[in-house]
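# Reading the structure
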Amino acid sequence: MTLLLGFAAVNTGNNLLYLLVSALLGFMSISGILGRWNLAGLRVDLVLPDEIYDGVETMLTVRFENSKRWLPSFLLALHLPVGRTTAVHIARRDTASETLYATFHGRGIQSIGQGRVESIFPINFFVRSFPIPVERKITVFPAPRFCRNTAAEAGRSRAGGEFQAGRKGYEGDISRISDYSGGEPLKLIHWKLSARHGMLKVKELSTVTRPPVVLELAHLPGNLEDRLRCASYLIGSCLRENRPVGLRLGPRTLLPPDVGRGHKLRLLTELAVYGQH
């Protein structure tokens, strides 16, 4: 439109058209400058959860950071291969967190790839953007699928009895003696040592959990992917019951039974990459 008005002004010599064309060109220039300032000083970070499962919608957190000293940023949109999210306003020297829901398909190690930040500010006349590399490697676990707990019982460790976890609890054997902090039950106070030291001492006991289980992948039902999904479900089920769980993937691959979130992630990672090396 501006180009047509420019030709009309040249052909007709109409001063009013010259003024109109000049105003439009000035408006476009100011719009371009404001649009560039709007995207300047922006950083984008992607926060991933610990557990991402094949085919299950996952909530990711996108953190926008505006490092400009004077100007806020408006009307931002982040496009990733796995989804899109927006941020309406980020104050100067401030951050904003937005939610992005994504679904990853296929287990194993995956890469998110390159993203793009764009904005229609100040008016929806031009869309300005810049690429952002999101070279993040993620591990997608097999989606848990219900299967009978008898499969876990079939792989139970031969070691009977109770399992003493290396965490503080209110049962089990005495793991150490420590100072009284005010929150421990009175039954844990060691009165003899307290009298000897002139200050309250308490017993720290280990946590007693249920008998350990070793899941043997070859003994689970279905094809390979079915067995991996079943193992993923049984790992979560056992750990929710505070039962130590281990994993045997082959004649030489054994992860001994244990509890805790770190152990759970190690087991699920072994399932995710099994057969892909």
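Whatever comes next refers back to the structure up there.
Reference entry: report on the structure contained in this document. Since we're looking at a predicted model, the values are computed, not measured.

### Let's talk about the nonpolar core
- Grouped together as the largest cluster of nonpolar side chains are 24 residues, with contacts concentrated most on Leu215, Leu234, Ile235, Val245 and Leu271.
- Within the residue set of this core, elements represented by two or more residues are strand 10 (213–216), helix 5 (224–240), strand 11 (245–248) and helix 6 (261–273).
- A per-element tally of this core places helix 5 first, with eight residues.

### Here's the deal with the pattern of salt bridges
- In this structure the tally under the stated criterion is ten salt bridges.
- The partner of Arg116 in a salt bridge is Glu118, and the shortest N-O contact between them spans 3.2 Å.
- By relative accessible area, Arg116 is classed as partly exposed at 35%.
- Here Arg229 ties to Asp226 by a salt bridge, and the two come within 3.2 Å at their closest N and O atoms. With Arg229 and Asp226 both in helix 5 and three residues apart, the pair spans about one turn of that helix.
- The exposure class of Arg229 is partly exposed, given its relative accessible area of 25%.

### Some details on the sheet that holds strand 10
- In spatial order, the strands read 10-11-12; together these three strands make up an open sheet with mixed pairing. In this open sheet, the two strands that pair with only one neighbour each are strand 10 and strand 12 (254–258). The average angle at which neighbouring strand axes cross in this sheet is 20°, direction not considered.
- Across four bridges, the pairing between strand 10 and strand 11 is parallel. Paired with Leu215 across the strands is Leu247, a residue of strand 11.
- Where helix 6 meets the sheet, it contacts strand 11 and strand 12, and its direction lies at approximately 150° from that of strand 12.

Rules used throughout
Residues numbered from 1 in each chain as written. Predicted model: local features only at pLDDT ≥ 70, side-chain atom pairs only at ≥ 80, totals over all residues. Heavy atoms only, no water. Core = buried A, V, L, I, M, F, W, Y, C linked by side-chain atoms within 4.5 Å. Buried < 20%, exposed > 50% of the residue type's maximum accessible area, 1.4 Å probe, protein only. Helix = DSSP H or I, 4+ residues; strand = E, 2+ residues; numbered from the N terminus. Salt bridge = Lys/Arg side-chain N within 4 Å of Asp/Glu carboxyl O. Pairing = 2+ DSSP bridges. Axes fitted to C-alpha atoms, helices over the stretch in contact; angles between N-to-C directions. Contact = heavy atoms within 4.5 Å.

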